[in-house]
Structures are given as structure tokens and as C-alpha cells.
There are 2 protein chains.
Amino acid sequence: MESEELRNVGLKVTTPRLKILSLLESSKAKHMTAETIYRQLSEGGEVIGLATVYRALAQFEAAGLITRHQFEGGQTVFELERGPHHDHIVCVRCGRVEEFYDKVIEDRQREIAEKLGFTLSDHALTLYGECSNGTCTAKNG
Amino acid sequence: MESEELRNVGLKVTTPRLKILSLLESSKAKHMTAETIYRQLSEGGEVIGLATVYRALAQFEAAGLITRHQFEGGQTVFELERGPHHDHIVCVRCGRVEEFYDKVIEDRQREIAEKLGFTLSDHALTLYGECSNGTCTAKNG
DNA sequence: AAGCAGATGAGAATGATTCGCAAGTGAGAA
DNA sequence: TTCTCACTTGCGAATCATTCTCATCTGCTT
Ligand SMILES: [Zn+2]
Ligand SMILES: [Zn+2]
Ligand SMILES: [Zn+2]
Ligand SMILES: [Zn+2]
């Protein structure tokens, strides 16, 4: 249950937090903006403030429950931290986001950091391109 | 001369553009924010608007003269597009930025994009970590 | 049931970036 | 050189996303 997740990371179990966490878990869209979460909850009849959504997301992130991504040209999106680490490739035409994991790249990053005298703590890798015509759902031709 | 660069990319040669380009070329800091550029030019006695700086940077980027980077937790920074492509590693304590290029990673990205049915057009890779105590200039201990 | 630290909603405040517009200025034409 | 005009610029207003303020509310503990 989501209540457990919140308790486990030391967050008080409140209605707004539960609703946000539930939405993230049930949504078909893996990557959501604060606005989207706010809107969907509001449309669902919930009385919740945008500020609360931002606050909750920040806390969830700090607690390691979710991760934040900043794709260029778009707003910050959040996704549940489930399953193994992965990076993203974004279609610059339709916005579709695919995930991938590449051990070679992951290992290389660590080696590079070490070589440069850094203790690697995180990384952000996002590829940009156009998805194949068959799958691209871009608005204009 | 900078005038040439501007002409070559089809931009009219104007004082503001020349000043901004010159600053980018002469500055010891490779990565600068629009604000920094604006402030340094203003302190140098130039009469220039912040909006003009943003406009010029956007045009320079579109023309391929500079590249834009968005390191997490910081403002957008710009750097002259000179020399070969490279990615960055940023110290989360002192903010120091080092550059690196890794062929293995670059090649891998292309393969991944292809496998996923994307035509790769760009990518953003930034590593985060702490640089060695000897070189880190973090404010607090 | 009572008490309190922490949480929330609403709206104001921020900070970065973009817009709108009247005035200014390159660069080719005359 | 001067004329023209589309392109530029400075300035302030406007946006947009995100954060802050604060009075009110709500989970837990006792
Ligand atoms: Zn993802
Ligand atoms: Zn697409
Ligand atoms: Zn660089
Ligand atoms: Zn450092």
C-alpha cells in the first residue's frame, strides 16, 4: 500500500500525498509534469493545491521514491522510481519518450569520472531524435 | 574576426552581437549564463539590454556558433562551439565543470537510437559528482 | 479528547526568459 | 554619399514554472 511507502521514508501519511503517489502508480503516462498531476487530480474532484503537488514531489524525490527529468524544451517531468535505472530518448517531433539501459555506457561513465578525479554520484543522459514515421505522432506533417 | 563569423551564418553584424561574441571568446570562463554576459558587458560600460543578450544567444545557438547546457540546479549556460564535441562532469559541491569526450559512449548512443527506431539528432550527457578534495573549492567544509 | 509539529490551500512573490513596440541602425540601392 | 527598409535593439511589461507566506487544518501521541 502507498501508506507504507510514505511511512517507510519518514513522511507523514496524508491525503494529498497518497493521491499523488496513487496517480503516479496508476497513470499510463510514466513521465508526468507537476501541472499534469495537479490537473488530473483536480479533474478527479480532489481539492489540492498546485504548491502541494510541487512540495510532495520534491519530498518524494528527496526520499528516493521518484526521479526528476528535465528534457530540453519541456517542463520537468517526474516518474516513479521502480525497477532498474534507465536513461531516455525523446522524439523531438512528437515528444514520445522511450527508456533504455546500457551497461557499456554506465560503466564508462564511472571510469571517466574516476579518471577525472570525481566521485560520481549521478548522471543525466538523454538522447534526442525523430522516431520512425510509422510510430511518430507529430501534429504537423 | 567575429564579423566574419556573424556574416557566415547569415546574421547582420551589429555592435551588441559583436560584443557578446567577443566576450564569449575572451572570457576565461568557458560556460556563461545570459545574466553573466549581460552583467560583464554592462560593467564594461556597454549599453545593452538583457533581452538582446538572450536574443543574440538564441540566434547564435540556432546558427551553431554556441551550444546551450542546462546543468541541474543551475541556470542555462552557453559556450562557444569550438573544437570537437564534448560532454560535461560537474562538481555538485563547488560547481567546477570539466569536459570530456568518450568515443565508446558516443558510438553506443547512435546504436541505441537506431535499435529503438530513432534517428539521433542530439544528446545531452552530464555527470555529477564531487571533485577530489585537493581541487574542490566548495564554500563550506 | 487535547496538543502540536508538520501539512495544506490560496494567492502573492520570484526568477529566468520572452514579448511588444517605438526608436535606432546595418547594408544594399540609387 | 544619401536613401530606404527590413532587421535590431533597449526597455518595460508579460509569461511561465516554481517557490514562498501564512493562516488554517490534520495526522499522530498522549
Ligand atoms: Zn523513465
Ligand atoms: Zn515521434
Ligand atoms: Zn563545455
Ligand atoms: Zn568541486
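Since we're looking at a predicted model, the values are computed, not measured.

**Let's talk about the sheet that holds strand β3 (residues 87-91) of chain B**
Here is step 1: Strand order in the open sheet made by the six strands is β4(A)-β3(A)-β5(A)-β5(B)-β3(B)-β4(B), with mixed pairing throughout. Two strands in the sheet have a free side with no partner beyond their single neighbour: β4 (97-100) of chain A together with β4 (97-100) of chain B. Within the sheet, the average angular offset between the axes of one strand and its neighbour, ignoring direction, is 25°.
Here is step 2: Across four bridges, the pairing between strand β3 (residues 87-91) of chain A and strand β5 (residues 118-131) of chain A is parallel. Bridging across to β5 of chain A, Cys91 of chain A finds its partner in Gly129 of chain A.
Here is step 3: Lying over the sheet, helix α5 (residues 103-115) of chain A contacts β3 and β5 of chain A together with β3, β4 and β5 (118-131) of chain B, oriented at roughly 135° with respect to β5 of chain A.
Here is step 4: The sheet contacts of helix α5 (residues 103-115) of chain B involve β3, β4 and β5 of chain A together with β3 and β5 of chain B, and relative to β5 of chain B the element is tilted by about 135°.

**Some remarks on the coordination of the zinc ion (ligand 2)**
All names here are of chain A.
Here is step 1: Around the zinc ion (ligand 2), the protein contributes the donor atoms Cys91 (SG), Cys94 (SG), Cys131 (SG) and Cys136 (SG), at 2.1 to 2.5 Å from the metal centre.
Here is step 2: Angles of 104 to 122° at the metal separate the four donor atoms of the zinc ion (ligand 2), which places the site in the tetrahedral class.
Here is step 3: Using a relative accessible area of 2% as the deciding quantity, one classes Cys91 as buried.
Here is step 4: Taking relative accessible area as the criterion, Cys131 reaches 2% and is therefore assigned buried.

**Quick word on the packing of α5 of chain A against α5 of chain B**
Here is step 1: Taken N-terminus to C-terminus, the directions of α5 of chain A and α5 of chain B make an angle of 160°; their axes are 10 Å apart at the nearest point. Classified by the angle their axes make, α5 of chain A and α5 of chain B are roughly antiparallel. Relative to α5 of chain B, the crossing made by α5 of chain A is left-handed. Of the residues in α5 of chain B, those touching α5 of chain A at Val104, Ile105, Arg108, Gln109 and Ile112 of chain A are Val104, Ile105, Arg108, Gln109 and Ile112 of chain B.
Here is step 2: In terms of residue class, the contact of α5 of chain A with α5 of chain B is made up of six nonpolar, two polar and two charged.

**Concerning the interface of chain B and chain A**
Here is step 1: The interface of chain B with chain A comprises 33 residues on the first partner and 34 residues on the second.
Here is step 2: When the two sides are added together, the surface that chain B and chain A hide from each other amounts to roughly 2,700 Å², 66% of it contributed by carbon and sulfur.
Here is step 3: Contact with chain A buries surface across chain B, with Phe118, Leu127 and Tyr128 of chain B losing the most and accounting together for 21% of the total.
Here is step 4: Counting across the chain B and chain A interface gives two salt bridges.
Here is step 5: Two residues, Asp102 of chain A and Arg108 of chain B, come together in a salt bridge whose shortest N-O distance is 3.3 Å.
Here is step 6: Counting across the chain B and chain A interface gives 12 residue pairs in polar contact (both at pLDDT 80 or more).
Here is step 7: Sorting the residues of the side of chain B that touches chain A by element identifies β3, β4, α5 and β5 of chain B as the ones contributing at least two each.
Here is step 8: When residues of the side of chain B that touches chain A are assigned to their parent elements, the largest contribution, 14 residues, is made by β5 of chain B.

Rules of the game
Residues numbered from 1 in each chain as written. Chains lettered and ligands numbered in written order. Predicted model: local features only at pLDDT ≥ 70, side-chain atom pairs only at ≥ 80, totals over all residues. Heavy atoms only, no water. Pairing = 2+ DSSP bridges. Helix = DSSP H or I, 4+ residues; strand = E, 2+ residues; numbered from the N terminus. Axes fitted to C-alpha atoms, helices over the stretch in contact; angles between N-to-C directions. Contact = heavy atoms within 4.5 Å. Donors = N, O, S within 2.8 Å, 3.2 Å for Na, K, Ca; no water. Tetrahedral: all angles 85-135°; square planar, octahedral: opposite > 155°, others 65-115°. Buried < 20%, exposed > 50% of the residue type's maximum accessible area, 1.4 Å probe, protein only. Parallel < 35°, antiparallel > 145°, perpendicular 65-115°, else oblique. Left-handed = near helix turned anticlockwise from the far one by under 90°. Nonpolar A, V, L, I, M, F, W, Y, C, P; charged D, E, K, R; others polar. Buried area = accessible area lost by both parts, 1.4 Å probe. Salt bridge = Lys/Arg side-chain N within 4 Å of Asp/Glu carboxyl O. Polar contact = N/O pair within 3.5 Å; in protein donor to acceptor, adjacent residues only side chain to side chain.

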